[in-house]
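Descriptive structure summary
Spelled out, the chains give:
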Amino acid sequence: MMTKDDVLGPLAAARTTEIVVTTMGTVRPWGRHSSSALDFASADSAMGHAADLALGLALAQPSRRVVCLNGDGSMLMSLGTLALATAPPVPNFVLFIVQNDTYEITGNQPVPGAPRVDFALLARAAGFPAVHTFDEAAAYRAALPAILASPGPTCVVVRTVPGNEPPLSRGSHEEAAYLKDSLAEAAHRLRATLAAGG
Amino acid sequence: MRAALFLRELEAAGVTDVVGLPDNSSAALFARLQHGGGRIRLHTVTREGEAFALAAGLWMGGARPMVLIQNTGLLESGDSLRGTLMRMRVPVVCVVTYRGYAKMKRVLGGPPAAIDPALLSRNDLDSVALVTEPTLAAWGLACGRLDSEADLPKLGEAFARSEEQAQPLGLLLTCDMVADA
């Protein structure tokens, strides 16, 4: 098993021009690794739909890779997204599923089916051509550059230990730069950044 | 309402993507988009909540999407509409086909002023029609109606107003779309 930092640190180091969409338990941890204008927190937003939003970004920005840091609980809320990403395939879409088997934000209650649910199998069954599973940090670090350079859609399942992230909010009290503004301001700013060639 | 005319209005409004789920009222437009929709891309979703989030992402990425779903699916997708298009102030037009409208108009003359729970189980009414407009009002999505081809210019107007206000807007489609004769 890995920690979230084992997953996010190497990703932040390898990241270049990718848009990164976070949600739930990855929002604040990613904010400690990155303050890019191409980061977007699906926080104070629709429950379980961060991957759909990221997929929309990928469809609109075909020359730029879009990485979604989804959770297992969020993924289970919208499994249809796995089919959307492959029909037709969206090659610049990279879907991370951070599987800690719990609803971390609400106190680590177990998600249905945990730990049996095999997200890699679900992604393959939906037609993802590139699917990877990691539960060990060194193997993940070694494979990540090639994963980010290969055509997708790509699904990366990372098995992590549960964290202890409290509920999300937005405002000046939040440490992460991308949580300081309202969701509307953040959405409009990312659109402007991309329009300017971000 | 001829699907070809509807599509022409979308093209004139600069729509780049249609995101939604077909029903019998919109099937002709989906077929047209699927088999030669011109510049407009079609994204068929598995649940309506996906449509609002996908449309929000498309818009953030620089596209001009439109959402096309049925009122039954709209009821399923409330948190997604609230948490994406509304919360993000995304200027997207949502066309919602109005299942049960004709029956409601015939039996009650139009949407009831208030919903008596007894209405919801009446066999001569489709309960989804009864709750559609009150739900949209409760969720804060301003809506107009498309009753016939004569209303098609409302599409372009809705896109312009939506941009101006930086808010999503709804249009309730009360008639069926048909393939070209």
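Reading the values: rules and limits
Residues numbered from 1 in each chain as written. Chains lettered and ligands numbered in written order. Predicted model: local features only at pLDDT ≥ 70, side-chain atom pairs only at ≥ 80, totals over all residues. Heavy atoms only, no water. Helix = DSSP H or I, 4+ residues; strand = E, 2+ residues; numbered from the N terminus. Rg over C-alpha atoms; globule rule 2.2 N^0.38 Å. Buried < 20%, exposed > 50% of the residue type's maximum accessible area, 1.4 Å probe, protein only. Contact = heavy atoms within 4.5 Å. Areas by Shrake-Rupley, 256 points an atom, 1.4 Å probe, with all protein chains shown as cover. Lys, Arg positive; Asp, Glu negative; His and termini not counted. Charge placed at Lys NZ, Arg CZ, Asp CG, Glu CD. Buried area = accessible area lost by both parts, 1.4 Å probe. Salt bridge = Lys/Arg side-chain N within 4 Å of Asp/Glu carboxyl O. Nonpolar A, V, L, I, M, F, W, Y, C, P; charged D, E, K, R; others polar. Pairing = 2+ DSSP bridges. Axes fitted to C-alpha atoms, helices over the stretch in contact; angles between N-to-C directions. Arc of directions from axis to C-beta. Polar contact = N/O pair within 3.5 Å; in protein donor to acceptor, adjacent residues only side chain to side chain.

1. Quick look at the overall build of chain A
- Looking only at helices and strands, chain A features 8 helices and 8 strands.
- For chain A, whose C-alpha radius of gyration is 15 Å, the value lies close to the compact-globule estimate of 16 Å for 198 residues.
- In chain A, which comprises 198 residues, the proportion classed as buried is 57%.
- Taking contacts inside chain A between residues at least 6 apart in sequence as the whole, the part at least 24 apart equals 74%.
- Only carbon and sulfur atoms are counted for the fraction: they give 58% of the accessible area of chain A, which is about 7700 Å².
- Across chain A, the mean location of the 14 positive side-chain charges is 4 Å away from that of the 17 negative side-chain charges.

2. Here we look at the overall build of chain B
- Looking only at helices and strands, one finds 8 helices and 6 strands in chain B.
- Each helix and strand of chain B, placed in order from N terminus to C terminus, yields the pattern α-β-α-β-α-β-α-α-β-α-α-β-α-β.
- The C-alpha radius of gyration of chain B comes to 16 Å, within 12% of the 16 Å expected for a compact globule of 181 residues.
- Taking the principal axes of its C-alpha atoms as reference, chain B extends roughly 45 × 40 × 30 Å.
- Relative to its 181 residues, chain B shows a buried fraction of 55%.

3. Observations regarding the interface of chain A and chain B
- Every contact between the two is made by 25 residues of chain A and, on the other side, 26 residues of chain B.
- For the pair chain A and chain B, the summed buried surface comes to about 2100 Å²; carbon and sulfur atoms form 65% of the total.
- At the surface where chain A touches chain B, the tally comes to 1 salt bridge.
- Taking the shortest distance from any N to any O, the salt bridge between B:R87 and A:D44 comes out at 2.6 Å.
- Listing elements by their share of the side of chain A that touches chain B, those giving two or more residues are helix 3 (50-60), helix 5 (80-84) and helix 8 (183-195) of chain A.
- Split by residue class, the side of chain A that touches chain B holds 14 nonpolar, 8 polar and 3 charged.

4. A short note on the sheet that holds strand 5 (residues 143-146) of chain B
Residues and elements named next belong to chain B.
- With parallel pairing, the 6 strands of this open sheet are ordered in space as 2-1-3-4-6-5. Edge positions in the open sheet fall to strand 2 (41-44) and strand 5, since each of these has one partner strand only. Between one strand axis and the next, the sheet turns by 25° as a mean value, whatever way the strands run.
- Examined bridge by bridge, strand 1 (residues 17-20) and strand 2 share 4 bridges and lie parallel to one another. Within strand 2, the residue paired with D17 across the bridge is R41.
- Set on the sheet, helix 2 (residues 27-34) makes contact with strand 1, strand 2 and strand 3 (65-70); between it and strand 2 the angle comes to about 125°.
- Here helix 3 (residues 48-60) sits on the sheet in contact with strand 1, strand 2, strand 3 and strand 4 (93-97), set at roughly 175° to strand 3.

5. Brief notes about the pattern of salt bridges
- In total, this model carries 18 salt bridges over all chains according to the counting rule given.
- Linking A:D101 and A:R159 is a salt bridge whose minimum nitrogen-to-oxygen distance equals 3.0 Å. Of the two residues, A:D101 sits in the loop between strand 4 (93-99) and strand 5 (102-103) while A:R159 sits in strand 8 (residues 154-159), which places them 58 residues apart along the sequence.
- Taking the shortest distance from any N to any O, the salt bridge between B:R145 and B:D147 comes out at 3.1 Å.
- Residues participating in the shared-partner salt-bridge network are A:R28, A:R32, A:E165 and A:E174.

6. Overview of helix 6 (residues 119-126) of chain A
Residues and elements named next belong to chain A.
- Among the residues of helix 6, F119, A120 and A123 are the ones counted as buried. An end-on view of helix 6 places all buried positions within 105° of arc, on one side of the element. Relative to its buried face, helix 6 has exposed residues pointing more than 90 degrees away, namely L121 and A125.
- Two residues or fewer past helix 6, G127 is found with a positive phi of approximately 105°.

7. Examining the environment of B:T72
Residues and elements named next belong to chain B.
- Here T72 shows up in helix 4 (residues 71-76).
- Taking the C-alpha atoms as reference points, T72 and H35, separated by 37 residues in sequence, lie 26 Å from one another.
- Ignoring any residue separated from it by four or fewer positions in sequence, one finds T72 in contact with R99 and V128.
- A polar atom in the side chain of T72 sits 2.3 Å from the side chain of Q70.

8. What to know about the sheet that holds strand 2 (residues 39-41) of chain A
Residue and element names in this part refer to chain A.
- Overall, parallel pairing links the 6 strands, which are arranged 2-1-3-4-8-7 in an open sheet. Of all strands in the sheet, those bounded by a partner on one side alone are strand 2 and strand 7 (130-134). Sheet twist, expressed as the average angle between the axes of neighbouring strands with direction ignored, equals 15°.
- When strand 3 (residues 66-71) meets strand 4, the two strands line up parallel, connected through 6 bridges. Among the inter-strand pairings, G71 is bridged to a residue of strand 4, identified as V98.
- Most of the contacts of helix 3 go to strand 3, to which it runs at about 175°, and overall it touches strand 1 (19-22), strand 2, strand 3 and strand 4.

9. Observations regarding the side chain of B:S77
All names here are of chain B.
- With respect to the secondary-structure elements, S77 resides in the loop between helix 4 and helix 5 (78-86).
- Judged by relative accessible area, S77 falls into the buried class, the value being 2%.
- Looking at S77, its side chain comes within polar contact range of the main-chain oxygen of L74, at 2.9 Å.

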